[in-house]
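Descriptive analysis of the structure
Here's the letter readout for the chains.
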Amino acid sequence: MFRVGTKNFGAVELGDQRRTDRLIESAAQIAAHPEKPFNQIFNWNDLRGFYRVCNQETATLQAIQGPHWQQTRQEMAKHALVLILHDTSEMDFTEHTALQGAGPIGDGRGRGFLQHNSLAVIPEPKQVLGLAYQQWCVRKEAPKNERSAQRKRRQRESQLWLRGIEATGRPPQECRWVDVGDRGADIYEAMAAAQAQGHDFLFRVTQNRQVWTTPERGKLTNLRDYACGLPSQGRDTVDIPSRGGRAGRQAEVELAAAPVWIPAPAETRQRAAQPVVAAWVVRIWEANPPPGVEALEWILITSVATQTVDELRTRRDWYACRWMIEVFHDIEKNGCSEEDRRFETAERMEACLAILSVVAVRIFQLRTALESQPDEPAKQVATQEEINVLRRFLEQKGSSFTVKDFVRGVARLGGFLGRKHDGAPGVKTLWRGYQRLQDLLLGYQFREPSRGKDVGNR
């Protein structure tokens, strides 16, 4: 699962097996030093070979990542419950003025692409299975004096959510796949698409849409207003991570839920023929936040029945996993330096980032392995050479060396102290430590006797 190379790219078809071999070799070298510029990873010949792979017309996102998507879906089929986290990230190449094919991002003054990811995870214990799908989108320039309705027809970025849901396919009969999204996913079409695929869904509500609150479908009610009037069914806590200078904290929250029935939007063609989506609205809110702190409030919509306090806590835990895709985007941008790459066309950039995204999955899997399989042998996540080098660095003796030992050892190389109050190492610490481990490994390999003739022999 954790090695980047033949397993992820061996089935890629680029029109010539030599190109696939080059892709496998290049990905393995990049995975060892994901944050470095390519000219510090490759020698000149290898760099030219990597560039030739990215320059091929056959090196599309679908071609490069397709086998990885298929492997992820095969892993998904082995689990009773999988969350598919969907989200869009802006890839900012504003400073890369030579890049051709980028579009507006942000307020329209930046340049770059939209990358929409569908990341499959296990909620307990947290485990990253891989990307079930990835999409790229280039926004079009807005015409002058464009009206709101015209902008919606031009962009239709909501289609990214639908394609991400549909592309993952149908789950096996004994499996539950739940599509999870933030406010951007709060569209009727995404709910209908999830159910059409045999998925469940859990989205954060942004629209105060009209719904029925009884199965008789009498008077329509505004969803958000209705949710805010629900009485509390119980209390629990939500861990709020630190972010943007904001300190992490634990919020004491109230929990409530009720069934609703969602009709198609009024502007939908043949509205009466569209399915009514049966769902549950869930509200999780902080009634008494600390002074000067914004109160936490999640209003969620889900297709999974939510009646008891235990079920409310489970929906809370599912939605709390959504932060994992934010971490994945951070690994892509900071751990793999995706926005620092300098290919000159959108097509070549897409091929390059398709490879780096799979590398980012590997880094994230290393972190979640600490929770999902801490007591398994370290060989589940590392090569024997990596284990030998790390054990020598740690001065650890004995026969046992687990995933936990390996991951925390890598974190130590990245500056993790491992004190009692430090908690688990973060992904930034891990990718710094992993790069340092690869440098140590290189020295170890140079020190070992040659497997062929000794240097200097004739």
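You'll find the structure just up there.
Described in the following lines is the structure provided in the data block. (Residues numbered from 1 in each chain as written. Predicted model: local features only at pLDDT ≥ 70, side-chain atom pairs only at ≥ 80, totals over all residues. Heavy atoms only, no water.)

Some words on the pairing of strand β4 (residues 126–137)
- Where burial is concerned, most of β4 is hidden: 11 out of the 12 residues are buried.
- With 10 bridges joining them, strand β3 (residues 110–123) and β4 adopt antiparallel strand pairing. By the bridge assignment, Leu114 is partnered in β4 with Cys137.
- Counting the residues between successive antiparallel strands, the hairpin from β3 to β4 contains two residues. (Buried < 20%, exposed > 50% of the residue type's maximum accessible area, 1.4 Å probe, protein only. Helix = DSSP H or I, 4+ residues; strand = E, 2+ residues; numbered from the N terminus. Pairing = 2+ DSSP bridges.)

Topic: unusual backbone geometry
- Omega for the bond connecting Glu124 with Pro125 falls within 30 degrees of zero, at -10°, which places this linkage in the cis form.
- Looking at where Pro125 falls in the secondary structure, it is placed in the loop between β3 and β4.
- The phi dihedral of Arg217 falls on the positive side, at around 55°, and the residue is not glycine.
- Note that Arg217 resides in the loop between β7 (210–212) and β8 (220–222).
- On the accessibility criterion, Arg217 (41% relative accessible area) is partly exposed.
- Of note in this structure, Glu395 is not a glycine but carries a positive phi near 55°.
- With respect to the element layout, Glu395 can be found in the loop between α13 (384–394) and α14 (403–413).

Here we look at the nonpolar core
- Core analysis: the largest hydrophobic core is formed by 76 residues, its most contacted members being Phe9, Ile30, Phe38, Ile284, Ile355 and Phe364.
- Among the elements that line this core, the one with the most residues is helix α12 (residues 346–372), at 14 residues.
- Discounting chain neighbours no more than four positions away, the residues touching Phe364 are Leu119, Val128, Met324, Val327, Phe328, Ile331 and Val427.
- Leu162, Phe203, Ala258 and Ile301 belong to the second-largest nonpolar core, a separate cluster that totals 28 residues. (Core = buried A, V, L, I, M, F, W, Y, C linked by side-chain atoms within 4.5 Å. Contact = heavy atoms within 4.5 Å.)

Things to note about the state of the cysteines
- Under the defined criterion, the tally for this structure stands at zero disulfides.
- Free cysteine Cys175: the closest other cysteine sulfur is in Cys321, separated by 17 Å.
- The closest cysteine sulfur to the non-disulfide-bonded Cys352 is located on Cys54, 5.4 Å from its own sulfur. (Disulfide = S-S within 2.5 Å.)

A word on the packing of helix α2 (residues 17–32) against α12
- With their axes 10 Å apart at the nearest point, α2 and α12 run at an angle of 50° to one another. In terms of orientation, α2 and α12 fall into the oblique class. The element α2 and its partner α12 pack so that their crossing is right-handed. Seen from α2, the contacting residues are Leu23, Ala27, Ile30 and Ala31; seen from α12, they are Ile355, Leu356 and Val359.
- Grouping the constituent residues of the contact of α2 with α12 by class yields seven nonpolar, no polar and no charged. (Axes fitted to C-alpha atoms, helices over the stretch in contact; angles between N-to-C directions. Parallel < 35°, antiparallel > 145°, perpendicular 65-115°, else oblique. Left-handed = near helix turned anticlockwise from the far one by under 90°. Nonpolar A, V, L, I, M, F, W, Y, C, P; charged D, E, K, R; others polar.)

Looking at the packing of helix α7 (residues 159–167) against helix α8 (residues 188–196)
- Their axes nearest at 9 Å, the elements α7 and α8 cross at an angle of 5°. Looking at the two axes, α7 sits roughly parallel to α8. Counted together, Leu162, Ile165 and Glu166 of α7 and Glu189, Ala190, Ala193 and Ala194 of α8 form the full contact between these two elements.
- Across the contact of α7 with α8, the residue classes tally to five nonpolar, no polar and two charged.

Some remarks on the packing of aromatic side chains
- Here the structure, examined in full by the defined rule, presents 12 aromatic pairs.
- Considering the side-chain rings of Phe38 and Phe42, the 6.2 Å spacing of their centres and the 45° angle between planes classify their relative orientation as tilted. In this structure, Phe38 and Phe42 share a single accessibility class: buried.
- Each ring, one from Phe201 and one from Phe203, has its centre 5.4 Å from the other, and the planes form 20°; the classification is stacked.
- What makes Phe201 buried here is its relative accessible area of 0%.
- With relative accessibility at 1%, the residue Phe203 sits in the buried group. (Phe/Tyr/Trp six-rings, centres within 6.5 Å; stacked < 30°, edge-to-face > 60°.)

Some details on helix α10 (residues 309–320)
- An ideal rise of 1.5 Å per residue puts 16 Å on 12 residues; α10 measures up with 16 Å between its terminal C-alpha atoms.
- Taken as a whole, α10 has its buried residues at Leu312, Arg315, Arg316, Trp318 and Tyr319. Angular distribution of buried residues about the axis of α10 spans 160°; they occupy a single face of the element. (Expected span 1.5 Å × (residues − 1). Arc of directions from axis to C-beta.)

Thoughts on the side chain of Gln65
- By secondary structure assignment, the location of Gln65 is in helix α5 (residues 61–76).
- Engagement of the side chain of Gln65 in a polar contact is seen with the side chain of Trp69, the distance being 2.8 Å.
- Once residues within four sequence positions are removed from consideration, Gln65 is found in contact with Leu131, Gln134, Ala354, Ser357 and Val358. (Polar contact = N/O pair within 3.5 Å; in protein donor to acceptor, adjacent residues only side chain to side chain.)

Some words on the pattern of salt bridges
- Applying the stated criterion to the full structure yields 20 salt bridges.
- Between Lys36 and Asp439 there is a salt bridge whose closest N-O contact spans 3.7 Å. Of this pair, Lys36 sits in the loop between α2 and α3 (38–41) while Asp439 sits in helix α15 (residues 427–447), and the two are 403 residues apart along the sequence.
- Here the salt bridges do not stand alone but share partners, grouping Asp236, Asp310, Arg313, Arg316 and Asp317 into one network. (Salt bridge = Lys/Arg side-chain N within 4 Å of Asp/Glu carboxyl O.)

A few points about the environment of Ala295
- Its place among the elements puts Ala295 in the loop between β11 (277–285) and β12 (297–302).
- Looking at Ala295, the relative accessible area reads 34%, which means it is partly exposed.
- In sequence terms Ala295 and Ala251 are 44 residues apart; their C-alpha atoms lie 8.6 Å from each other.
- When residues no more than four places from it in sequence are discounted, the contact partners of Ala295 are Glu286 and Pro289.

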